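One-letter residues, chain by chain:
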Amino acid sequence: MRPRRSSRWVPGNQFRLLENGEEFFPRVFEAIAQARREVMLETFILFDDKIGRGLHAALLQAARRGAQVHLLVDGFGSPDLPQPFVASLVEAGVHLRVFDPGRRLFGQRLNVLRRMHRKIVVVDGTLGFIGGINYSVDHVADFGPEAKQDYAVEVRGPIVAEMHRFVRAAVLPPEKHRLLQRASAPPPAGPADALFVTRDNHRHTSDIERHYRIALRAARDRVVIANAYFFPGYRLVRELRRAAQRGVDVRLILQGQPDMPIVKTAAGLLYDHLLRAGVRIYEYCERPLHGKVALADDAWATVGSSNLDPLSLSLNLEANVVIRDRGFNATLYERLDHLMRRGCRQVEPAPRGAWEGLRLLRGYCVYHLLRWFPAWAGWLPRHRPTISLVGADPARPGPAGTR
């Protein structure tokens with residue numbers, strides 16, 4: 001059974017922007033610890049550090065108070081959780097599952113492709129969190145210069161019901177899907193219209209990218225995209241160029257201090273092509289950018305787990321919320337504008353010179369090769385991942401997970 005999602009805007013929601021771990025972790029841990037009935041949590045990364053132990057304590061507190069607690073981690077992103085960490089969760093009644101756990105070969109993890117990259121929390125079916133922040137210490141400033149700059153949102157209102165149904169269907173085994181009969185949606189909580197949008201390898205292969213393209217085509221004033229890993233496909237690059245060419249103020253905030261050098265190299269291959277169309281590019285240089293947020297004009301915005309690169313757009317399982325609310329848009333713009341003014345270096349077009357023709361040829365080739373990467377992704381291994389319940393009878397296979 002696949003979770004069903006509406007393609008229509010859901011009114012009556014409230015979104016609170018949470019910037020970095022300093023704002024995100026206290027709110028999430030408090031909400032989980034106070035859960036009365038249920039906690040559903042998905043994350044790509046969970047480490048046994050001070051942040052992971054903070055989540056661990058909140059989950060234990062909820063489970064010991066009688067809440068049903070379901071935790072899904074990715075087998076590649078969270079590979080080395082120590083036995084005492086796991087055992088104490090299982091003993092307290094937490095249902096801990098691992099998405100596509102993989103064995104190592106000569107110490108190397110081989111289960112690299114088609115990861116569960118979502119970061120979602122739903123508490124008691126009425127309060128949600130979604131964004132790009134993992135449960136690791138590198139999301140708080142005292143980690144040092146490598147601490148990540150990132151965003152998430154706290155969600156209240158009817159859209160939480162869609163998040164809730166989706167996560168329960170993704171986490172619970174098939175025999176428990178009968179529990180997914182309609183629950184009452186939370187009451188209206190604010191003025192925002194919203195969509196809950198996911199990407200998978202079956203029915204929703206390009207939904208998140210499609211909403212970016214829709215926003216770019218509709219934009220009349222401004223577009224700001226802050227994205228950590230930027231190497232999008234041809235259609236999205238084309239819409240960025242077209243928006244800038246018709247006079248929209250299109251700005252990209254990308255990594256200037258990358259956590260992986262190849263990230264900046266890949267994005268840099270597109271710079272000439274975008275700059276010549278009028279797109280403005282800013283590199284965030286204070287620390288690694290890990291955000292996946294965007295806004296258009298004065299109402300549209302999105303926050304979630306999806307980067308704009310081949311992994312997120314063609315392989316990984318992702319989730320974003322799309323928000324239509326002037327107040328939230330203004331708040332997000334204020335934060336991103338502060339980032340551009342205080343922590344970014346604006347990229348200038350390369351001067352014309354002897355290598356001009358070579359740069360143009362390189363940009364042309366990269367731009368048009370990007371037409372094909374969604375098709376290339378289909379050639380990569382398309383196994384059926386499993387979701388294994390930790391502490392379950394090892395003779396029984398875990399339920400299949402394909403979302």
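Residues numbered from 1 in each chain as written. Predicted model: local features only at pLDDT ≥ 70, side-chain atom pairs only at ≥ 80, totals over all residues. Heavy atoms only, no water.

Chemist: Can you break down the overall build of the protein chain residue by residue, with the values?
Modeler: When helices and strands are tallied, the protein chain shows 12 helices and 18 strands. Looking at the 403 residues of the protein chain, the share that counts as buried comes to 59%. Residue pairs at least 24 apart in sequence account for 82% of intrachain contacts in the protein chain once pairs closer than 6 positions are excluded. Accessible area for the protein chain stands at about 17,500 Å²; split by element, carbon and sulfur atoms hold 54% of it. (Helix = DSSP H or I, 4+ residues; strand = E, 2+ residues; numbered from the N terminus. Buried < 20%, exposed > 50% of the residue type's maximum accessible area, 1.4 Å probe, protein only. Contact = heavy atoms within 4.5 Å. Areas by Shrake-Rupley, 256 points an atom, 1.4 Å probe, with all protein chains shown as cover.)

Chemist: Outline the UniProt feature "domain: PLD phosphodiesterase" (unreviewed entry) in the protein chain, supporting the account with residue identities and numerical values.
Modeler: Per the UniProt record, "domain: PLD phosphodiesterase" (unreviewed entry) is found at residues 112-139 and 285-312. Across residues 112-139, helical content stands at 0% and strand content at 32%; the span's end C-alpha atoms are separated by 23 Å. Annotated as residues 285-312, this span is 11% helix and 36% strand, and its ends, taken at the C-alpha atoms, are 23 Å apart. (UniProt positions renumbered as here; feature names shortened; annotations may be inferred.)

Chemist: Account for the packing of helix H2 (residues 50-64) against helix H3 (residues 83-91), naming residues and giving values.
Modeler: At a minimum axis distance of 10 Å, the contact between H2 and H3 shows a crossing angle of 20 degrees. As far as their axial angle goes, H3 and H2 are roughly parallel. Considering only the axes of H2 and H3, their crossing is left-handed. Seen from H2, the contacting residues are Gly52, Arg53, His56, Leu59 and Leu60; seen from H3, they are Phe85, Ser88 and Leu89. (Axes fitted to C-alpha atoms, helices over the stretch in contact; angles between N-to-C directions. Parallel < 35°, antiparallel > 145°, perpendicular 65-115°, else oblique. Left-handed = near helix turned anticlockwise from the far one by under 90°.)

Chemist: Describe the nonpolar core, listing the residues and the values that go with them.
Modeler: In terms of nonpolar packing, the biggest core is built from 43 residues, with Phe15 and Ile253 touching the most fellow members. Of the residues forming this core, the biggest block, six residues, is contributed by helix H4 (residues 159-171). Phe24, Ile51, Val94 and Val140 belong to the second-largest nonpolar core, a separate cluster that totals 39 residues. (Core = buried A, V, L, I, M, F, W, Y, C linked by side-chain atoms within 4.5 Å.)

Chemist: An account of the UniProt feature "active site" (unreviewed entry) in the protein chain is needed here, citing residue identities and associated values.
Modeler: Mapped onto the present numbering, the UniProt feature "active site" (unreviewed entry) falls on His117, Lys119, Asp124, His290, Lys292 and Asp297. In this structure, lysine 119 sits in the loop between strand E6 (108-109) and strand E7 (120-123). With residues up to four places along the chain from it excluded, the contact list for lysine 119 reads Glu42, Thr43, Phe44, Phe129, Ile130, Gly131, Gly132, Ile133, Asn134 and Ser305. Within the local environment of lysine 119, its side chain forms a polar contact with the backbone oxygen of histidine 117, the two atoms lying 3.1 Å apart. Among the secondary structure elements, aspartate 297 is positioned in the loop between strand E14 (292-296) and strand E15 (300-304). Here aspartate 297 is in contact with Ala218, Ala219, Arg220, Asp221, Arg222 and Asn329, once residues within four sequence places are set aside. (Polar contact = N/O pair within 3.5 Å; in protein donor to acceptor, adjacent residues only side chain to side chain.)

Chemist: Can you break down the pairing of E7 residue by residue, with the values?
Modeler: By the alternation rule, side chains of E7 split into Ile120 and Val122 and Val121 and Val123, which are all buried. One ladder, built from four bridges, connects strand E2 (residues 38-43) with E7; its direction is antiparallel. Counted as the bridge partner of valine 39 is valine 123 from E7. Linking E7 back to strand E8 (residues 127-131) in an antiparallel pair, the connection comprises three residues, with aspartate 124 at a positive phi of about 55 degrees. (Pairing = 2+ DSSP bridges.)

Chemist: Go over the packing of aromatic side chains, please, and point to the residues and values.
Modeler: Inspection of every chain in the model, using the stated rule, returns eight aromatic pairs. Between the aromatic rings of phenylalanine 24 and phenylalanine 129, the centroid separation amounts to 6.3 Å while the plane-to-plane angle is 90 degrees, which identifies the pairing as edge-to-face. Taken together, the positions of phenylalanine 24 in helix H1 (residues 20-33) and phenylalanine 129 in strand E8 put the pair 105 residues apart, joining distant regions of the chain. Taken as a pair, phenylalanine 24 and phenylalanine 129 share a single burial class, namely buried. Pairing tyrosine 212 with tryptophan 300 gives two aromatic rings, centres 6.3 Å apart and planes at 70 degrees, and the pair type is edge-to-face. In this pair, tyrosine 212 sits in helix H5 (residues 207-218) while tryptophan 300 sits in strand E15, placing the two residues 88 residues apart along the sequence. Per residue, the accessibility class of tyrosine 212 equals that of tryptophan 300, and both read buried. An aromatic cluster is defined as three or more aromatic residues linked by ring pairs; in this entry it consists of Phe24, Phe25, Phe29, Phe129 and Tyr135. Residue placement shows arginine 222 over the ring face of tyrosine 333; its charged tip is 3.9 Å from the ring centre. (Phe/Tyr/Trp six-rings, centres within 6.5 Å; stacked < 30°, edge-to-face > 60°. Lys NZ or Arg CZ within 6 Å of the ring centre and 35° of its normal.)

Chemist: How would you explain the pattern of salt bridges if you had to name every residue and give the values?
Modeler: Should their charged atoms come close, side chains of opposite charge can pair. Enumeration over the complete set of coordinates arrives at 23 salt bridges. Across the pair glutamate 239 and arginine 217 runs a salt bridge whose closest N-O atoms are separated by 3.5 Å. With glutamate 239 in helix H6 (residues 234-245) and arginine 217 in helix H5, this pair connects stretches of sequence that are 22 residues apart. Arginine 345 is paired through a salt bridge with glutamate 283; the nearest N and O atoms lie 2.5 Å apart. (Salt bridge = Lys/Arg side-chain N within 4 Å of Asp/Glu carboxyl O.)

Chemist: For the packing of H1 against H2, give the residues involved together with the corresponding values.
Modeler: Relative to each other, H1 and H2 sit at 20 degrees, their axes nearing to 7 Å. As far as their axial angle goes, H2 and H1 are roughly parallel. Across the interface between the two elements, Phe25, Phe29, Ile32 and Ala33 from H1 touch Ile51, Gly54, Leu55, Ala58, Leu59, Gln61 and Ala62 from H2. By residue class, the composition of the contact of H1 with H2 is nine nonpolar, two polar and no charged. (Nonpolar A, V, L, I, M, F, W, Y, C, P; charged D, E, K, R; others polar.)

Chemist: Please give an account of the environment of threonine 43 that cites residues and values.
Modeler: Topologically, threonine 43 is positioned in strand E2. Sequence separation between threonine 43 and valine 73 is 30 residues; the distance between their C-alpha atoms is 5.2 Å. The residues contacting threonine 43, other than those within four sequence positions of it, are Leu72, Val73, Asp74, Met116, Arg118, Lys119, Asn134 and Tyr135.

Chemist: Requested: an account of the environment of arginine 251, with residues and values cited.
Modeler: Looking at the element boundaries, arginine 251 is found in strand E12 (residues 249-255). Placed 25 residues apart in sequence, arginine 251 and alanine 226 show a C-alpha to C-alpha distance of 8.5 Å. Setting aside residues no more than four positions away along its own chain, arginine 251 makes contact with Val223, Val224, Ile225, Arg280, Tyr282 and Met340.

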